[in-house]
Number of protein chains: 2
Amino acid sequence: MFKVKAYAAAAADAPLAPFSIERRDPGPHDVQIDILYCGVCHSDLHQARDDWGGALFPMVPGHEIVGRVVKVGEHVVKLKAGDLAGVGCMVDSCRRCDPCEADLEQFCCEGFTGTYNSRERGSKALVFGGYSEQIVVDQRFVVKVPENLDLQAVAPLLCAGITTFSPLRHWKVGKGQKVGIVGLGGLGHMGVKFAHAMGAHVTMITTSPEKGQDALRLGADEVLVSRDAEAMKQARGKFDFLLNTIPVGHDINPYLALLKLDGAMVLVGALTALDPVLGVNLIFGRKSVAGSLIGGMAETQEMLDFCGEHNIVSDIEVIRIDEINEAYERLLKNDVRYRFVIDIASLKAA
Amino acid sequence: MFKVKAYAAAAADAPLAPFSIERRDPGPHDVQIDILYCGVCHSDLHQARDDWGGALFPMVPGHEIVGRVVKVGEHVVKLKAGDLAGVGCMVDSCRRCDPCEADLEQFCCEGFTGTYNSRERGSKALVFGGYSEQIVVDQRFVVKVPENLDLQAVAPLLCAGITTFSPLRHWKVGKGQKVGIVGLGGLGHMGVKFAHAMGAHVTMITTSPEKGQDALRLGADEVLVSRDAEAMKQARGKFDFLLNTIPVGHDINPYLALLKLDGAMVLVGALTALDPVLGVNLIFGRKSVAGSLIGGMAETQEMLDFCGEHNIVSDIEVIRIDEINEAYERLLKNDVRYRFVIDIASLKAA
């Protein structure tokens, strides 16, 4: 074991503060990573404040991790010391169930081990996330980061990136399709970039005309302001696919109306109760609503390779670790374009 | 034009009563059918009583029609006098839009012309359904009925049959799959028969253990009583596909829990508001909820051919036309196993 500096919440009502944690020495399959940047996901805030219940304290959040490999175990083949590496939302899974066998560790039948707010498999030991100097992770849950990208802006790809890339791939979004991205935040802005790079005609669907303008800069072809009843009416039946990134329960019926015959809307943000859906809105048009959860490790690697090829990164605002509590407050007001990323050098220097 | 006897509702609050209607003389593409049997769909009742608004009176319900061809127009090739023929929920559509071109007339962009409670295209003339002696329909909307089946029990296939067959086909239900049919009524009992004939392992999911027993007779392999919390818990994550035939808004969350990774539930009955769906129930497991509406004419023919091959018909109770008002009352109490069919001879003799 070795000690590293971190930032942790001691309890649901405590601000994040400096904290010392222990990391395991890398075993034969482990990768030891010196963390350089860590993205700030909205779920970091929800978990640190125990908004969803069952939070485990002390908690070191952070699951959008990039850094450089310091050391690898003897059986590690895919990475070596000096490589750029990434860690996302998972650090382990059962590895035996059908979803794990199918490279869909995010749907592990036993539940995956989260990067933080979780316990090591077969142990009571808490796992700690990326608001820390170093992390040690089994190679299956470490991805290679392309060297040609702006590293600090890569961090959010490990959660916001894969969460939007995976459904666009799974539902085969591409050329000739009209795709709508609903909501422009950490997830939505990545959805626009990916759908555009995949060749789809992309419409940003947002409540805010200003955000809509920014979406054009990100790669959207059009903007549809969802508060504009006439525009929403004109857009009925026009979309093959909608990626809905709204992070809270809401009324999806107006969006269902935008779908073509056999169109699908996929939810990636809203975990809570949606407003009542009218059956008729699915039955007429054979439409569907589905959900999607991050992505498996193989697909996470595919996403990063795609980003390397298409030069895609997140739009970010870099902060120091001692600004994290303030950043959480700004997150609550959606005051970020579009992701905070912590420069971990500020933690090492503290 | 020629006159035929029918039964009609004069207004939303009027019982059905004898009524005389005019049918057009068959044009070059028309098929004139002597009606032998007409099924009684739950929607007949809803429309005759204007439960959904916008009902057109006088209304002659009935869209599960079988009979014998009397005469065909000069351009009719697929049927000839003496053939057994069927007419379902549609008698026309625009025939030019993408869905029509794709043999999905039920999703016609201009809206299909219903067999009753509708107007002829480009005219104010009301169209009248199958509670009548004869009907004249364009050949595109007439199907051939296999001669080897019990004709009176074929009638409900034209709506209840295609409504359940179409989604089972579209979602590729077959061997090696675990399929649940939710709700046992006119639709559900056909769902059981079709899913069984397609080779799936079929579970009837119902609130009633007695109905469950009857489902075994219809071809179900298992019964899951949805009020049995322990059984519902044991069945979590076991189903590839659920066909939900419940005819009213309800809580679909407990059924979503039954689906496997990438499982789909398709609604064919509930047009109204569902209880709030929790996004997390779709996101974890990448599950989907969709809807499906009857089926196109080509698929309706395919369904009847499938029924001929597998010797599938509905379970019915035959009534006289003067019993229709009483039958509606019994429908409201779900007191039918599983479809009323009117013997149109009773109308001709009246």
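Residues numbered from 1 in each chain as written. Chains lettered and ligands numbered in written order. Predicted model: local features only at pLDDT ≥ 70, side-chain atom pairs only at ≥ 80, totals over all residues. Heavy atoms only, no water.

**Some points on the overall build of chain A**
Next up, step 1: Scanning chain A for helices and strands turns up twelve helices and 19 strands.
Next up, step 2: The C-alpha radius of gyration of chain A comes to 20 Å, within 12% of the 20 Å expected for a compact globule of 350 residues.
Next up, step 3: For chain A, the spread of C-alpha atoms along the three principal axes comes to 60 × 40 × 35 Å.
Next up, step 4: Partitioning the contacts of chain A with sequence separation of at least 6, the portion at a separation of at least 24 is 67%.
Next up, step 5: For chain A, the centre of its 36 positive side-chain charges and the centre of its 44 negative side-chain charges are spaced 2 Å apart. (Helix = DSSP H or I, 4+ residues; strand = E, 2+ residues; numbered from the N terminus. Rg over C-alpha atoms; globule rule 2.2 N^0.38 Å. Contact = heavy atoms within 4.5 Å. Lys, Arg positive; Asp, Glu negative; His and termini not counted. Charge placed at Lys NZ, Arg CZ, Asp CG, Glu CD.)

**Overview of the pairing of strand β15 (residues 239-244) of chain A**
Moving residue by residue along a regular strand, the side chains alternate between the two faces of the sheet.
All names here are of chain A.
Next up, step 1: Most of β15 is tucked away: five of the six residues are buried.
Next up, step 2: Here strand β12 (residues 178-182) pairs with β15 via four bridges, running parallel. Considered in β15, the bridge of valine 179 is made with phenylalanine 241.
Next up, step 3: Across five bridges, β15 lies against strand β16 (residues 259-267) in parallel orientation. Directly across from phenylalanine 241, in β16, lies its bridge partner alanine 264. (Buried < 20%, exposed > 50% of the residue type's maximum accessible area, 1.4 Å probe, protein only. Pairing = 2+ DSSP bridges.)

**Considerations on unusual backbone geometry**
Next up, step 1: With an omega dihedral of -5 degrees, the bond running from Phe57(A) to Pro58(A) counts as a cis peptide bond.
Next up, step 2: Structurally, Pro58(A) is set in the loop between α1 (42-48) and β4 (65-72).
Next up, step 3: With phi around 55 degrees, Lys172(B) is a residue other than glycine that occupies positive phi space.
Next up, step 4: With respect to the helices and strands, Lys172(B) occurs in the loop between α4 (160-170) and β12 (178-182).
Next up, step 5: We classify Lys172(B) as exposed; its relative accessible area is 67%.

**Points about the interface of chain B and chain A**
Next up, step 1: Facing 33 residues of chain B, the contacting portion of chain A comprises 33 residues.
Next up, step 2: Summing both sides of the interface, chain B and chain A together bury roughly 2,800 Å²; the carbon and sulfur share of this comes to 71%.
Next up, step 3: It is Leu271(B), Ile283(B) and Arg286(B) that lose the most area in chain B upon contact with chain A, and together they represent 26% of the buried surface on that side.
Next up, step 4: At the surface where chain B touches chain A, the tally comes to zero salt bridges.
Next up, step 5: Our enumeration of links across chain B and chain A arrives at 13 residue pairs in polar contact (both at pLDDT 80 or more).
Next up, step 6: Alignment of strand β17 (residues 288-291) of chain A against strand β17 (residues 288-291) of chain B, held across three bridges, turns out to be antiparallel. (Buried area = accessible area lost by both parts, 1.4 Å probe. Salt bridge = Lys/Arg side-chain N within 4 Å of Asp/Glu carboxyl O. Polar contact = N/O pair within 3.5 Å; in protein donor to acceptor, adjacent residues only side chain to side chain.)

**Examining the relation of the copies chain B and chain A**
Next up, step 1: For the pair chain B and chain A, the best superposition has an RMSD of 0.0 Å and corresponds to a rotation of 180 degrees with a translation of 0.0 Å parallel to the axis. Taken together, the rotation and translation describe the operation of a two-fold axis. Closest approach to the rotation axis among the C-alpha atoms of chain B is made by Pro276(B), whose C-alpha sits 2.3 Å away.
Next up, step 2: Interface residue correspondence from chain B to chain A reaches 100%, placing this contact among same-surface, isologous pairings. (Least-squares fit on C-alpha atoms with pLDDT ≥ 70 in both.)

**Brief notes about the pairing of strand β13 (residues 201-206) of chain B**
All names here are of chain B.
Next up, step 1: Counting buried positions along β13 yields five of six residues, so the element is predominantly enclosed.
Next up, step 2: Summarising the sheet, β12 and β13 pair through five bridges and their orientation is parallel. Bridging across to β13, valine 179 finds its partner in valine 202.
Next up, step 3: A crossover connection joins β12 to the parallel β13 through helix α5 (residues 186-197); in handedness this β-α-β unit is right-handed.
Next up, step 4: Bridge count for β13 against strand β14 (residues 222-225) is four bridges, and the pairing is parallel. Residue pairing for β14: threonine 206 is matched across the bridge by valine 225.
Next up, step 5: Where the polypeptide runs from β13 across helix α6 (residues 209-218) and back to β14, its parallel neighbour, the crossover connection is right-handed. (Right-handed = clockwise from strand over helix to strand, strands pointing away.)

**Some details on the packing of aromatic side chains**
Next up, step 1: Under the definition given, this model contains eight aromatic pairs over all chains.
Next up, step 2: Seen in terms of ring centroids, Trp171(B) and Phe241(B) are 6.2 Å apart; in terms of plane orientation they differ by 40 degrees. Their pairing is tilted. Of the two residues, Trp171(B) is situated in the loop between α4 and β12 and Phe241(B) in strand β15 (residues 239-244); the sequence distance between them amounts to 70 residues.
Next up, step 3: Take Trp171(B): its relative accessible area is 23%, and that puts it in the partly exposed class.
Next up, step 4: An aromatic cluster of at least three residues, connected via ring pairs, comprises Phe165(A), Phe194(A) and Phe306(A).
Next up, step 5: Positioned over the ring face of Phe239(A) is Lys178(A), at 5.4 Å from the centre of the ring. (Phe/Tyr/Trp six-rings, centres within 6.5 Å; stacked < 30°, edge-to-face > 60°. Lys NZ or Arg CZ within 6 Å of the ring centre and 35° of its normal.)

**A look at the sheet that holds β17(A)**
One key point about sheets: their strands pair by backbone hydrogen bonds, in either a parallel or an antiparallel sense.
Next up, step 1: Spatially, twelve strands are ordered β14(A)-β13(A)-β12(A)-β15(A)-β16(A)-β17(A)-β17(B)-β16(B)-β15(B)-β12(B)-β13(B)-β14(B) in an open sheet, and the strand pairing comes out mixed. Two strands bound the open sheet, and with one partner strand each, they are β14 (222-225) of chain A together with β14 of chain B. Strand-to-strand, the axes of this sheet are offset by a mean angle of 20 degrees, without reference to chain direction.
Next up, step 2: On the sheet, helix α4 (residues 160-170) of chain A packs against β15 and β16 of chain A together with β16 (259-267) of chain B and is oriented at approximately 155 degrees with respect to β15(A).
Next up, step 3: Those strands touched by α6(B) are β13 and β14 of chain B, and its axis lies near 165 degrees from that of β14(B). (Axes fitted to C-alpha atoms, helices over the stretch in contact; angles between N-to-C directions.)

**Describing the domain arrangement of chain A**
Frequently, the measure chosen for interface size is the accessible area that the parts lose on association.
Residue and element names in this part refer to chain A.
Next up, step 1: Taken domain by domain, chain A consists of domain 1 (2-159 + 315-348) and domain 2 (161-291).
Next up, step 2: Distance between the C-alpha centres of domain 1 and domain 2: 29 Å.
Next up, step 3: Domain 1 puts nine residues into the contact, and the matching count from domain 2 is 14 residues.
Next up, step 4: Here domain 1 meets domain 2 over a buried area of about 1,000 Å², counting both sides, of which 50% is carbon and sulfur.
Next up, step 5: Remark: the boundary between domain 1 and domain 2 carries two salt bridges. (Domains from an automatic or database assignment.)

**Considering the environment of Cys307(A)**
Residue and element names in this part refer to chain A.
Next up, step 1: Summarising the element assignment, cysteine 307 is placed in helix α10 (residues 297-310).
Next up, step 2: Classification of cysteine 307 as buried rests on a relative accessible area of 0%.
Next up, step 3: Spatially, the C-alpha atoms of cysteine 307 and asparagine 148 are 9.7 Å apart, while their sequence positions differ by 159 residues.
Next up, step 4: Look past the residues within four positions of cysteine 307 in its chain and what remains in contact with it is Leu149, Leu157, Phe194 and Ile312.

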